[in-house]
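Chain by chain, the residues run as shown.
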Number of protein chains: 2
Amino acid sequence: MKVQQILLAARPKGLPTQSTFKTVTVELPELQQNEVLIKPVYYSVDPYMRGRMNDTKSYIPPFEVGKPIESGGVATVVESKDNNFHPGDLVMLTASRPLLPWSTASIYPASSLKKIDNNIPPSYYLGILGMPGLTAYFGLLDIGKPKAGETIVISGAAGAVGIVAGQIGKIYGCRVVGIAGGAEKVKMLTDKFNFDAAIDYKGNNDIQASVAAICPNGVDVYFDNVGGEISDGVMAHLNNFARVVLCGQIALYNSTEVPVGPRPQPLLLTRSVLMQGFVIGNYATRFAEGFKDLVEWVKTGKLKYTETTMEGFDKLPEAFLGLFAGKNSGKLIVKV
Amino acid sequence: MKVQQILLAARPKGLPTQSTFKTVTVELPELQQNEVLIKPVYYSVDPYMRGRMNDTKSYIPPFEVGKPIESGGVATVVESKDNNFHPGDLVMLTASRPLLPWSTASIYPASSLKKIDNNIPPSYYLGILGMPGLTAYFGLLDIGKPKAGETIVISGAAGAVGIVAGQIGKIYGCRVVGIAGGAEKVKMLTDKFNFDAAIDYKGNNDIQASVAAICPNGVDVYFDNVGGEISDGVMAHLNNFARVVLCGQIALYNSTEVPVGPRPQPLLLTRSVLMQGFVIGNYATRFAEGFKDLVEWVKTGKLKYTETTMEGFDKLPEAFLGLFAGKNSGKLIVKV
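Residues numbered from 1 in each chain as written. Chains lettered and ligands numbered in written order. Predicted model: local features only at pLDDT ≥ 70, side-chain atom pairs only at ≥ 80, totals over all residues. Heavy atoms only, no water.

- The name given to chain A in an unreviewed UniProt entry is Enoyl reductase (ER) domain-containing protein, with the source organism recorded as Chitinophaga dinghuensis.

This is how it looks when you write it as structure tokens:
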């Protein structure tokens, strides 16, 4: 059986482009006993994948040049030589990072697959109930430790993680302020997702002044998906004993040189601020706890959700590149 | 009674100089009932005092121009109109920050004074058993959370806080590496204070390479008294889940512009590092706990101590200015 695969063609310098990717056709081997042939139904594309395109030591190994890209995915069973799986079953990988290769079909041992609940829209497993939702949950609650009445500022607030973090902040009784790019996203945050206020960084040259105006009591928790100058503007208003949750630094991912900026240490010192980086894998043993709360909040309507969906396997590179132009609202999903 | 006082003459721009200070003679009022006249015996001079010379909001109010400087101090009673105090008693202030004005004598209500134990050298209350010792204790143990076998790197290691932090690290079974300026200090750290290794940043242009060579297993706890480029060199070698204790940033205190450097956030994120600023006042309710351990370790010889002493009330400005030239080993004390 012939399948199409999308490979990493070359490690990008700076911003990735279409030439970062290459589509090839390969032949899959015969299906063996206890193996399952699956086809992807939904892929997630995520900013952290940019880091894997560099050949640097990190919490997750780099992509290999000439090998398929992989990202979060939900698949359907096409053919099975295992009694536990049947054509039409919706499945994910059981790995602690359930990443599917970018391939129009793949073969896996049945033991590496798990069926998913048909009563939940399958794409939710890639977003609000998947890595982005769990990232928001543990980052905000375990590191940010929000207390009722406190002010939370979230950068990249209209992204997959940001909209969940903001709503959890509201569930915990905080004042939540989002920073996002464009009037439409800002409106979505306040109108649909219950944020108390939102700042449009694209229509705004002075984040620091805007934060000062909108957060008269200062900032207690800064949930940072973005880094760079937006963070400088927010951090100027951190209160004593504030917590900075380092969740993403998308503004810096395409830097070809070491990003330089004002040193934060003097401010962190004099105001007794905690800054903590994390990756969601740190919480692997506690995923069930987060999943339980997230499912409950989704079912009771406390947690709303939005996706941007693109269609077509061949759109995967374009979807990924769009992340760096801020094209998505909420989770960006590619429907195969 | 006429006394000499040393005032803040003007807020320094950049490095303070002798003209930052001004000595004046003033007349003290008559001693009233329940008041005590005290003369300073020892003063502490400390890097954090530089911050109080700026007119900026911080955890402790700025010094006022035209008012006496104040710093940690031990005093002796000269005259008393209170039954609890008698001439010759050694005393400190009971305030949570026991700071004495730079004045050759002062009058206080008896209720604001406490006697100190005559069996401990009085200058110890300004160093190993005072704010610097407690700062090392809570910073290293409460934030750094060292585990036996881990590697701790300490910048400003030969200073009042550094030598205590390093020895506590050894008590906890860690490998302790100090960074200090000059061959003499480096020798003192390894020979007298039991550090496993020490790096002389003055004879060394590449801190990053030195840390790599001396810490082959990476750095688990970085106790930072210094900031700036020394910290950049250490932080390049932080392990996953490392802790950075922000205790001081003396390299940056005299900057007239916002100090700029490589942004640490991407590294903190990908390695799940915690960075936490603190000031010792945060631990005021737990001082007794720290004091108890420190006294025990001093008595059993687990914790050694060194002071640099200058003599003369008029030497206070010079002693303070010497901190920024790295002239002291261990705690810098002025004996009046």
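**A closer look at the nonpolar core**
Here's step 1: By size, the foremost hydrophobic cluster in this structure holds 102 residues, and its most contacted members are Ile168(A), Leu189(A), Leu294(A), Ile168(B), Leu189(B) and Leu294(B).
Here's step 2: Apart from the residues lying within four places of it in its own chain, the contact partners of Leu189(A) are Ala157(A), Ala158(A), Ile163(A), Gly178(A), Ala180(A), Asn194(A), Phe195(A) and Ala198(A).
Here's step 3: Within the second largest apolar cluster, 46 residues are counted, among which are Val273(A), Val153(B), Ala197(B) and Cys215(B). (Core = buried A, V, L, I, M, F, W, Y, C linked by side-chain atoms within 4.5 Å. Buried < 20%, exposed > 50% of the residue type's maximum accessible area, 1.4 Å probe, protein only. Contact = heavy atoms within 4.5 Å.)

**Describing the pattern of salt bridges**
Residue and element names in this part refer to chain A.
Here's step 1: The tally for this structure, following the rule as stated, stands at 24 salt bridges over all chains.
Here's step 2: One salt bridge connects Lys-67 with Glu-64, and the closest N-O pair in it is separated by 3.3 Å.
Here's step 3: For Glu-64, a relative accessible area of 47% corresponds to the partly exposed category.
Here's step 4: Residues Arg-286 and Glu-289 are paired through a salt bridge, measuring 3.0 Å at the closest nitrogen-oxygen approach.
Here's step 5: Residue classification places Arg-286 among the partly exposed positions, given a relative accessible area of 28%.
Here's step 6: Several salt bridges share partner residues, and in doing so they unite Asp-142, Arg-286 and Glu-289 into one network. (Salt bridge = Lys/Arg side-chain N within 4 Å of Asp/Glu carboxyl O.)

**Things to note about the domain arrangement of chain A**
All names here are of chain A.
Here's step 1: Looking at chain A, the domain boundaries give domain 1 (2-127 + 306-335) and domain 2 (131-281).
Here's step 2: With both chains or domains summed, domain 1 and domain 2 bury close to 1400 Å², and 60% of this area falls on carbon and sulfur atoms.
Here's step 3: Inspection of the region where domain 1 meets domain 2 yields zero salt bridges.
Here's step 4: The tally of links from domain 1 across to domain 2 stands at one residue pair in polar contact (both at pLDDT 80 or more).
Here's step 5: Among the residues making up the side of domain 1 that touches domain 2, the classes are represented as 10 nonpolar, eight polar and five charged. (Domains from an automatic or database assignment. Buried area = accessible area lost by both parts, 1.4 Å probe. Polar contact = N/O pair within 3.5 Å; in protein donor to acceptor, adjacent residues only side chain to side chain. Nonpolar A, V, L, I, M, F, W, Y, C, P; charged D, E, K, R; others polar.)

**So, the state of the cysteines**
Here's step 1: Overall, the coordinates contain zero disulfides over all chains when judged by the stated rule.
Here's step 2: In this structure Cys215(A) is a free cysteine whose sulfur lies 12 Å from that of Cys174(A), the closest cysteine sulfur available. (Disulfide = S-S within 2.5 Å.)

**What about helix α2 (residues 131-144) of chain A?**
Residues and elements named next belong to chain A.
Here's step 1: Taking burial as the measure, the 14 residues of α2 include 12 buried ones, the bulk of the element.
Here's step 2: Those residues of α2 that sit buried are Pro-132, Gly-133, Leu-134, Thr-135, Ala-136, Tyr-137, Phe-138, Gly-139, Leu-140, Leu-141, Ile-143 and Gly-144.
Here's step 3: Looking one or two residues past α2, Lys-145 carries a phi angle of roughly 40°, positive in sign. (Helix = DSSP H or I, 4+ residues; strand = E, 2+ residues; numbered from the N terminus.)

**Regarding the environment of Ala212(A)**
Residues and elements named next belong to chain A.
Here's step 1: Here Ala-212 is to be found in helix α5 (residues 207-214).
Here's step 2: Residue classification places Ala-212 among the partly exposed residues on the basis of a relative accessible area of 35%.
Here's step 3: Residues Ala-212 and Ala-236 lie 24 residues apart in sequence; the distance between their C-alpha atoms is 8.9 Å.

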